Amino acid sequence: MTTQLYTNARIFTSDTRRWAESMIVQGERILYVGDAGTAERLCPDAERIDLESRLVVPGFVDGHAHVIGTGEALGQVSLWGAKSVAEIQQRIKAHDAGNPGLERILATGWLHGAIPGGVPDAGMLDAVVPDKPVYAFAYDFHSVWVNTAALAELGIDDHTENPHGGTIKRTADGHATGYIDENAFYDMVLPFLDSRASDDQHSASIAAVQQAYRETGVTTACDMGFNETDLEAFKRADKDGTLTSRLMAYWRVNNTGDAAANIAQVQRAAALAVEHESPFLRVVGIKVIIDGTIDGCTATLGMPYADGSNAEPIWSLKELAPVVAAADAAGLKVAMHAIGDESVRIAIGAVEHAVAENGPRERRHRIEHLELVDRADVDRLAALGITASMQPVHADPAISENWSSKLGDDRAERGFAWPWIIDAGGRLAFGTDSPTSPHAPLPNMYVATTRASALDASAGTNVPEFALPLADSIEHATRDSAWTCGAENNVGRLAAGLYADFVVLDTDVFAADQPGSLLEARVLRTVVGGRTVHQVQRP
């Protein structure tokens, strides 16, 4: 077993003693973190690695990601930053011209605010690619915009029924427009595309995201929406020993409208949690999506949107409560997507039901996103021990104009209220929700600590009084994200006994005079289980 002494460093531990100067690693795990003198006495013969006064932080634990989707998105047409239909069309047309052999075109990242009225149609894509299917995923990954050829290969026509909790958008006379959202997207489009991707393509997506994670310092990710295809692909990668970041998987449970079928999905997740567990792959819970997004006007609100509309939840409390209770009884962790304030209340109510049904036990349930929440409901979730799992990059001012306009009132001034969680005594975990947002942790920390934009420096700020200190933000993105998925004794902190998962940065972002250093800093070294998996070589 190798023993390494990392010395001459400024080590932020995300632990009760935040700072240290030396760390000893034996094999995969940490032996000691603290002062240099003690480290020298403990292991005087250890291999010494001088970090040249660099900053060390725990490997980032992305509290909410779609891991294979992130890998897939890295190979798709990027529509991020496109400000008009014309710009979106130009990017897709250029990709088609440069890749004439593609069977279909996949694109990602368009913003609702770039489309007049926020609702695109197939004709806009037909105008540039009429002869092969085009699938353009919205940046929030709750809807897809397709052309006529894609509608045809999906088998969607004027007579196709909407699935429970989803919509195939139609014209006034009943024709499918090419815009498909929520469960229609999840149940009809994604499974079709999964079935068309080969094992080699899934493996390539995993390899791409692993490389991206190594380069940006993500050593663990909580995957929100795992399915059978994802599981088989990751099991192959785990068996091959090619994973360089750890995966905590939440099994996607869809609302079928049938109570028995819903519970059967929970039982499948419970079986998987027992069947497969390794240092790099664990099924730890289930994920349910209660509502959609504010940008798409599919999040369920306590008061209507600015245009007077509202959205029905995908899961009512009556439907959700028995599912959460069954998962709770099985020892599974439940992650509930709830963006609108009314959906947050449904999620809290479901946990209340589980507590009443199952009695005292350890629980680590969580609500995802909570973009709009009432202060009184924050107190309720904190008292129940529910983690608020939130994504700073979703509050980026560069993408908030459409979000605010859909609300149209002072509700926009209480969006993404991270300090409310802390003040109520709740636990806050940070992630990125990639590929709906960039996967890199440091820009995520920039938005968390400034409420300014990591995408557009001219975009101003978004409720700046809700910004958090940098040390707290990193702890929410490491220690707290690890705790909520039950991994706190292995990852998320730099402490004796935990895996040696850490990142060395070229810039001390704590000491820098400007928070912009978070946008400029580079990861020099990423270590996972004591093994250096990424290192920038000196010129």
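Described in the following lines is the structure provided in the data block. From a predicted model like this one, the values you see are computed outputs, not experimental measurements.

**So, the packing of helix H11 (residues 341-358) against helix H12 (residues 375-383)**
The axes of two packed helices give the description: the angle between them and the distance between them.
In step 1: Where H11 contacts H12, the two axes come as close as 10 Å, and the packing angle between them is 30 degrees. Between H11 and H12, the angle falls in the class roughly parallel. For the element pair H11 and H12, the recorded crossing hand is left-handed. Between H11 and H12, the residues in contact are Arg345, Ile348, Gly349 and Glu352 and Asp377, Arg380 and Leu381, respectively.
In step 2: Of the residues in the contact of H11 with H12, the class split is two nonpolar, one polar and four charged.

**Focus on the pattern of salt bridges**
Any two side chains of opposite charge can pair, so long as their charged atoms come close to each other.
In step 1: Applying the stated criterion to the full structure yields 33 salt bridges.
In step 2: Among the salt bridges present, the one from aspartate 480 reaches arginine 427, with a minimum N-O distance of 3.2 Å. Taken together, the residues aspartate 480 in helix H17 (residues 479-484) and arginine 427 in the loop between helix H14 (418-423) and strand S20 (428-430) connect sequence positions 53 residues apart.
In step 3: A relative accessible area of 3% places aspartate 480 in the buried class.

**Brief notes about the nonpolar core**
In step 1: Core analysis: the biggest nonpolar cluster contains 114 residues, and Tyr135, Ile180, Ile286 and Met336 have the highest contact counts within it.
In step 2: Leu79, Ala107, Ala114 and Tyr179 belong to the second-largest nonpolar core, a separate cluster that totals 20 residues.

**Some details on the environment of serine 458**
In step 1: Here serine 458 lies in the loop between helix H15 (441-450) and helix H16 (470-476).
In step 2: Given the relative accessible area of 64%, serine 458 is considered exposed.
In step 3: Separated by 437 residues in the primary sequence, serine 458 and glutamate 21 place their C-alpha atoms 38 Å from one another.
In step 4: In terms of polar contacts, serine 458 uses its side chain to reach the side chain of aspartate 456, at 2.6 Å.

**A short note on the sheet that holds strand S10 (residues 143-146)**
In step 1: Ordered in space as S7-S8-S9-S10-S12-S11, the six strands form an open sheet in which the pairing is mixed. If you trace the sheet from one side to the other, it starts and ends with strand S7 (77-78) and strand S11 (166-170), each paired once.
In step 2: Note: strand S8 (residues 105-110) against strand S9 (residues 134-138), five bridges, orientation parallel. Bridge pairing links tryptophan 110 to alanine 138 in S9.
In step 3: Strands S7, S8, S9 and S10 of the sheet are contacted by helix H3 (residues 85-98), whose axis makes an angle of about 150 degrees with S8.
In step 4: Across the sheet, helix H6 (residues 182-196) is in contact with S8, S9, S10, S11 and strand S12 (176-181); its angle to S12 comes to roughly 95 degrees.

**Some words on unusual backbone geometry**
In step 1: Of note, the amide linkage connecting serine 434 to proline 435 takes the cis form, showing an omega dihedral of 10 degrees.
In step 2: Within the secondary structure, proline 435 is located in the loop between S20 and H15.
In step 3: Phi angles above zero are rare outside glycine, and phenylalanine 141 is one such case at about 60 degrees.
In step 4: Following the sequence through the fold, phenylalanine 141 ends up in the loop between S9 and S10.
In step 5: Residue classification places phenylalanine 141 among the buried positions, given a relative accessible area of 16%.

About the cut-offs
Here the residue numbers are simple positions, counted from 1 along each chain's written sequence. Confidence filtering applies because this is a predicted model: local features only for residues at pLDDT of at least 70, side-chain atom pairs given and counted only at 80 or more, and all residues used for totals across whole chains, interfaces and linings. Remark: hydrogens and water are excluded; side-chain values derive from all non-hydrogen atoms of the structure. Simply put, an axis is a line fit to the C-alpha atoms, just over the touching stretch for a helix, and the angle between two N-to-C directions goes from 0 to 180 degrees. Labels follow the DSSP assignment, with helices taken as runs of H or I lasting at least four residues and strands as runs of E lasting at least two, numbered in each case from the N terminus. Convention used here: angles under 35 degrees read as roughly parallel, angles over 145 as roughly antiparallel, angles from 65 to 115 as roughly perpendicular, and any remaining angle as oblique. Left-handed is the label given to a crossing in which the near helix is rotated counterclockwise from the far helix by less than a right angle, and right-handed is the label when the rotation is clockwise. We call two residues in contact when some of their heavy atoms are within 4.5 Å. We call Asp, Glu, Lys and Arg charged. Ala, Val, Leu, Ile, Met, Phe, Trp, Tyr, Cys and Pro are nonpolar, and the rest, Gly among them, are polar. Here, a salt bridge means any Lys or Arg side-chain nitrogen found within 4 Å of an Asp or Glu carboxyl oxygen. Relative accessibility thresholds used throughout: buried, under 20% of the residue-type maximum; exposed, over 50%; partly exposed, between the two (1.4 Å probe, protein chains only). In this text, buried Ala, Val, Leu, Ile, Met, Phe, Trp, Tyr and Cys residues form a nonpolar core when linked through side-chain atoms within 4.5 Å. N or O atoms closer than or at 3.5 Å make up a polar contact, with two conditions inside protein: a donor-capable atom paired with an acceptor-capable one, and, for residues adjacent in sequence, both atoms drawn from side chains. The criterion for strand pairing is that DSSP finds at least two bridges linking the strands in question.

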